[in-house]
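Okay, here's what each chain looks like letter by letter:
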Amino acid sequence: MKRIMLLDGRLLDPRSKLDTDGNLLIESDRIVGLGRDLPVPADALKIDCHGLWVMPGLIDPHVHLRDPGFPEKETIRSGLRAAAAGGFTAVAAMANTAPVNDTPEITRYMLERAPAAEAARLVPVAAVTRGLRGRDLVDFPAMVQAGARMFSDDGLPLDDVGVLKQALEAAASAGFAVSLHEEDRALTVSGAMNAGAVAQALGVKGIPASAETERVGRDLAIARELGTPLHLAHVSTAGALDLITAARAAGVAVSCEVTPHHFILDDRTVLTCGADARMAPPLRSPLDRDRLRRGLADGSIDMIATDHAPHDPDSKQHSLLARHFPRSCAAAPLPDEAAHALATAANGIIGLETALGLALTLVHEGLITPLRLVELMSANPARLLRLDNLGTLAAGALADITVVDPKLEWTVNPEQFCSLSRNTPFAGWRLKGQAVLTIVAGRVVHDARRGSADAA
Ligand SMILES: [Zn+2]
């Protein structure tokens, strides 16, 4: 039987509040033991983890793998390998593929392709409505039976409140969460970026915070009336987080996620990165960003999600925008053509290979503990997706493990990414901390010490 012994690492498991140095033994696809004095079997492959953190594998509740449909942006294979390289052992793949994941056939296509990547697990997210059209619900029980573990029309909001009610009730009886992209499109239409001084300086139409808060308020009220849970994707504003906190205090079973770009960057990044700083919801004000950071620290935010959104340069209007960015704050407004290009460039940035390094800045700054980081990036996403045997180091759990070197300094170089896309505002950033080993079901799927490889 194949055994791996992780020797003398810092074992971090929020589920049991464990934070102690020790060994961890993997046998086949399971964790079979851990502790300070765990004996080392003679036949085990020994991996020295002194100075490293050993944590349950990172789980991302929100990625776009673009497969089926857009192989020039990402494939299941490249996306899952990017995930493993970033320390993720499971990722929830959103339904806005082409065709949309609104039938069991597409869910099965995803699940059948995933193992060949020999990387992270793929957790399918089913659409809420057929074709993401916001009208007729998908067959919730059939999608669950095919393997879907969450429902979302992400990329688009559910505008029709009647459909939202049906969806929350169907999801509650299916036993899986609905993840909502909260946006009032009457308020975001033709907006290029966050409403504020930067949008004004660039002469582009802004997207107000109310486009998010107004919709979050409505949906929390509905969930409260129905008594159903709900999950809010990529929260970006202080106002939305205040509403969530109040609703939770009133007994609503609401969970929420934030992205690294929303808690690290603010709307000034558009000046330097142009369309690579454009996403929905947009990067917000420094005050919003600081509120999200407090929410990560005080427990009002449940988890971190990348919203990994690969795009090719054409979708990002690269040829039209490249000569206009970066620009200084005092620069004149964008010419009309460039303003239009920015407003119509595809939304989103990639995030799987930078998320951990960016989240670790919160630990290095003393804002959160390593245990809280694991809660935000593994234990809580596992609970959302009901992956009961993941998100923990408990004996008997599946051996999905991320080993992190918290001191390793590195420079973000998109040319070296496993992702097929390069749309990131973090190119050239120096980060401290990286996944050095990613293990899925007892198998090493990424080893930074020798590049992505099937090492064990
Ligand atoms: Zn979204």
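That block above? That's the structure.
A brief report on the enclosed structure follows.

Analysis parameters
Going along each chain's sequence as written, the residues are numbered from 1 onward. Note on the predicted model: pLDDT of at least 70 is required for a residue's local features to be given, and 80 or more for side-chain atom pairs to be given and counted; whole-chain, interface and lining totals, by contrast, use all residues. Only hydrogens and water are removed before side-chain values are computed, so all heavy atoms of the structure are retained for them. For two strands to be treated as a pair, DSSP must find at least two bridges joining them. What counts as a helix is a DSSP run of H or I of at least four residues, what counts as a strand is a run of E of at least two, and both are numbered from the N terminus. A helix's residues, less one, multiplied by 1.5 Å, set its expected span. To sort residues, take the accessible area from a 1.4 Å probe on protein chains only and compare it with the maximum for the residue type: under 20% means buried, over 50% means exposed, and anything in between is partly exposed. By the convention used here, residues are in contact when the closest approach between their heavy atoms is within 4.5 Å. Each axis is a line fitted through C-alpha atoms, and for a helix only the stretch in contact is used; angles between axes span 0 to 180 degrees, taken between their N-to-C directions. As a rule, N, O and S atoms within 2.8 Å of a metal are its donors, except that Na, K and Ca use 3.2 Å; water is not among the atoms, so sites may look incomplete. Roughly parallel covers angles under 35 degrees, roughly antiparallel covers those over 145, roughly perpendicular covers 65 to 115, and oblique covers all other angles. Here a crossing is called left-handed whenever its near helix is offset anticlockwise from the far helix by less than a right angle, and right-handed whenever the offset is clockwise.

This part is about the sheet that holds strand E12 (residues 230-232). On the basis of which strands lie adjacent, the open sheet formed by four strands has the order E9-E12-E13-E14 and parallel pairing. Edge positions in the open sheet fall to strand E9 (179-180) and strand E14 (303-304), since each of these has one partner strand only. For E12 and strand E13 (residues 254-258), the ladder comprises three bridges, and the chain directions are parallel. From the neighbouring strand, Leu232 faces E13, where its bridge partner is Cys256.

Right, let's get into helix H8 (residues 238-249). Its 12 residues give H8 an end-to-end C-alpha distance of 17 Å, which sits within 8% of 16 Å, the value for a rise of 1.5 Å per residue. Looking at H8, one finds that the buried residues are Ala238, Ala240, Leu241, Ile244 and Ala247. At its buried positions, H8 is contacted by helix H7 (210-226), E12, E13 and helix H11 (286-298). Of the residues trailing H8, Gly251 is marked for its positive phi of about 100 degrees.

On the basis of which strands lie adjacent, the open sheet formed by three strands has the order E6-E7-E8 and parallel pairing. Because the sheet does not close on itself, it has two edges, and the strands there are strand E6 (58-63) and strand E8 (121-124). Averaged over neighbouring strand pairs, the angle between their axes works out to 20 degrees when direction is ignored. In terms of strand pairing, E6 meets strand E7 (residues 88-93) through four bridges, oriented parallel. Opposite Leu58, over in E7, you have Phe88 as the bridge partner. The strands touched by helix H1 (residues 76-85) within the sheet are E7 and E8, with E7 carrying the most contacts at an inclination of about 135 degrees.

Here we take up the coordination of the zinc ion. For the zinc ion, the protein coordination sphere consists of Asp154 (OD), His181 (ND1) and His234 (NE2), at 2.0 to 2.2 Å. Within one chain, the residues serving as donors to the zinc ion are arranged as D-x26-H-x52-H. Of this pair, Asp154 sits in the loop between helix H3 (140-146) and helix H4 (161-174) while His181 is found in the loop between E9 and helix H5 (185-188), placing the two residues 27 residues apart along the sequence. With respect to class, Asp154 is no different from His181; both count as buried.

At a closest axis distance of 10 Å, the pairing of helix H14 (residues 355-364) and helix H15 (residues 370-384) adopts a crossing angle of 140 degrees. By the criterion of interaxial angle, the relationship of H14 to H15 is oblique. Crossing geometry of H14 relative to H15 is assigned as right-handed. Together, Ala355, Leu356, Ala359, Leu360 and Val363 of H14 and Pro370, Leu373 and Met377 of H15 make up the contact between the two elements.

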